[in-house]
Amino acid sequence: MTVSHVLNEKLMLAYAAGTLPEAFNLVIATHLSLCDESRAMVAAGEAIGGCVLDRCAPIEMGSAALTDTLARIKRGRPEARAKAAEPGLLPEPLRTYVGGDVSHVKWKALGGGVKQAILPVEGDATARLLFIPGGQAVPDHGHNGMELTLVLQGAYADEVDRFARGDLEIADEELEHQPVAEDGEDCICLSATDAPLKFNAVMPRLMQRYFRI
Ligand code: ZN
């Protein structure tokens, strides 16, 4: 189990290499715009990658290499625009996915005052914004894969620690937890998962296919 408030090395390398699904790229790029420490880590990783490339013996490229590369540049990757946060609750690149700040989010109720908004990303991993009223708990659950959670407003605590704006929680198959939003302020998080969660209670289990959690 790896849990941290910042990016870990494995994720940083996968992110810099561009091998992560779009949902995870979005969470990490948004985290980078809020976290100087992780931004420095990625810059160092990219510099190392550049040095390695400089020392590699050149090989002949396929005939489609240029076209493919230009197409990838045109499609764009969210991390390419990762930079310090601008005023407002939702930093870039998240803001672009939402189409504005938090007032533009199209929330759907999940019950108990908890709301979610699924974001448009490609690939098998899903990305969503979660709204948890202050003092409210999310149903306790385990994970079938990786879950990245970035706090944007308020704070929550679980079996691991307390997480506030800019903090990233990295959860995997070994972690079972029940995040509880702190009293006093509603908590808004950006979360990405590459597999359905494992809920312990019956009700969330019945609803999870519908809610795509
Ligand atoms: Zn979780």
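First, a word on what this report is: a plain description of the structure on this page.

### Quick look at the overall build of the protein
Phase 1: Looking only at helices and strands, the protein has six helices and eleven strands in total.
Phase 2: Compactness check: the protein gives a C-alpha radius of gyration of 18 Å against a globular reference of 17 Å for 213 residues, within 12% of the reference.
Phase 3: Expressed as a percentage of its 213 residues, the buried residues of the protein come to 44%.
Phase 4: Once local pairs closer than 6 in sequence are excluded, the contacts in the protein between residues at least 24 apart make up 68%.
Phase 5: Summed over all atoms, the accessible surface of the protein reaches about 11,500 Å², with 56% contributed by carbon and sulfur.
Phase 6: One finds the centroid of the 20 positive side-chain charges in the protein at a distance of 8 Å from the centroid of its 30 negative side-chain charges.

### Quick look at the coordination of the zinc ion
Ideal coordination angles are 109.5 degrees for a metal with four donors arranged tetrahedrally and 90 or 180 degrees for a metal with six donors arranged octahedrally.
Phase 1: Protein coordination at the zinc ion comes from His141 (NE2), His143 (NE2), Glu147 (OE), Glu147 (OE) and His177 (NE2), with a distance range of 2.1 to 2.7 Å.
Phase 2: Motif for the zinc ion, donor spacing along one chain: H-x1-H-x3-E-x29-H.
Phase 3: Judged by relative accessible area, which is 2%, His141 ranks as buried.
Phase 4: Using a relative accessible area of 1% as the deciding quantity, one classes His143 as buried.

### Things to note about the sheet that holds strand E9 (residues 180-181)
Phase 1: Here we have three strands laid out as an open sheet, ordered E7-E6-E9, and antiparallel in their pairing. The open sheet has two free edges, formed respectively by strand E7 (162-164) and E9, since each of these has just one partner strand.

### Section: the pairing of strand E2 (residues 114-119)
Phase 1: Looking at chain direction, strand E1 (residues 108-111) and E2 are connected through three bridges and run antiparallel. Bridge pairing in E2 places Lys108 opposite Gln116.
Phase 2: Connecting E1 to the antiparallel partner E2 that follows it, the hairpin turn spans two residues, and Gly112 within it adopts a positive phi of roughly 65 degrees.
Phase 3: With five bridges connecting them, E2 and strand E3 (residues 126-132) associate as antiparallel partners. Paired with Ile118 across the bridge in E3 is Arg128.
Phase 4: What sits between the antiparallel neighbours E2 and E3 is a turn of six residues, in which Gly123 has the positive phi angle 100 degrees.

### Comments concerning a nonpolar patch on the surface
Phase 1: Together, Val202, Met203, Leu206, Met207 and Tyr210 line one region of the surface with nonpolar side chains, adding up to about 570 Å² of accessible area.
Phase 2: Secondary-structure assignment places Met203 in helix H6 (residues 202-211).
Phase 3: Residue Met203 is classed as exposed on the basis of its relative accessible area of 54%.

### Observations concerning the packing of aromatic side chains
Phase 1: This structure, assessed with the given rule, holds two aromatic pairs.
Phase 2: Between the aromatic rings of Trp107 and Phe131, the centroid separation amounts to 5.8 Å while the plane-to-plane angle is 65 degrees, which identifies the pairing as edge-to-face. On the criterion of sequence distance, the pair formed by Trp107 in the loop between helix H5 (94-98) and E1 and Phe131 in strand E3 is long-range, its members being 24 residues apart.
Phase 3: Under the relative-accessibility criterion, Phe131 is labelled buried at 15%.
Phase 4: Over the face of the ring belonging to Phe131 we find Lys115, whose NZ or CZ atom lies 4.4 Å from the ring centre.

### Let's talk about the side chain of Ser38
Phase 1: Within the secondary structure, Ser38 is located in helix H3 (residues 36-55).
Phase 2: The buried category is assigned to Ser38, whose relative accessible area is 0%.
Phase 3: Filtering out sequence-adjacent residues up to four positions away, Ser38 remains in contact with Val6, Leu7, His31 and Leu32.

### Looking at the packing of helix H1 (residues 9-17) against H3
Phase 1: Direction vectors running N to C along H1 and H3 enclose 60 degrees, while the axes themselves pass 9 Å from each other. As summarised for this structure, H1 and H3 are arranged oblique, according to the angle between their axes. Relative to H3, H1 is oriented so that their crossing is right-handed. Between H1 and H3, the contacting residues are Met12, Tyr15 and Ala16 on the first element and Met41, Val42, Gly45 and Glu46 on the second.
Phase 2: Looking at side-chain class alone, the contact of H1 with H3 contains five nonpolar, one polar and one charged residues.

Rules used in this analysis
Residues numbered from 1 in each chain as written. Predicted model: local features only at pLDDT ≥ 70, side-chain atom pairs only at ≥ 80, totals over all residues. Heavy atoms only, no water. Helix = DSSP H or I, 4+ residues; strand = E, 2+ residues; numbered from the N terminus. Rg over C-alpha atoms; globule rule 2.2 N^0.38 Å. Buried < 20%, exposed > 50% of the residue type's maximum accessible area, 1.4 Å probe, protein only. Contact = heavy atoms within 4.5 Å. Areas by Shrake-Rupley, 256 points an atom, 1.4 Å probe, with all protein chains shown as cover. Lys, Arg positive; Asp, Glu negative; His and termini not counted. Charge placed at Lys NZ, Arg CZ, Asp CG, Glu CD. Donors = N, O, S within 2.8 Å, 3.2 Å for Na, K, Ca; no water. Pairing = 2+ DSSP bridges. Patch = residues over 30% accessible without salt bridge, like charges linked within 9 Å, V, L, I, M, F, W, Y side chains within 5 Å. Salt bridge = Lys/Arg side-chain N within 4 Å of Asp/Glu carboxyl O. Phe/Tyr/Trp six-rings, centres within 6.5 Å; stacked < 30°, edge-to-face > 60°. Lys NZ or Arg CZ within 6 Å of the ring centre and 35° of its normal. Axes fitted to C-alpha atoms, helices over the stretch in contact; angles between N-to-C directions. Parallel < 35°, antiparallel > 145°, perpendicular 65-115°, else oblique. Left-handed = near helix turned anticlockwise from the far one by under 90°. Nonpolar A, V, L, I, M, F, W, Y, C, P; charged D, E, K, R; others polar.

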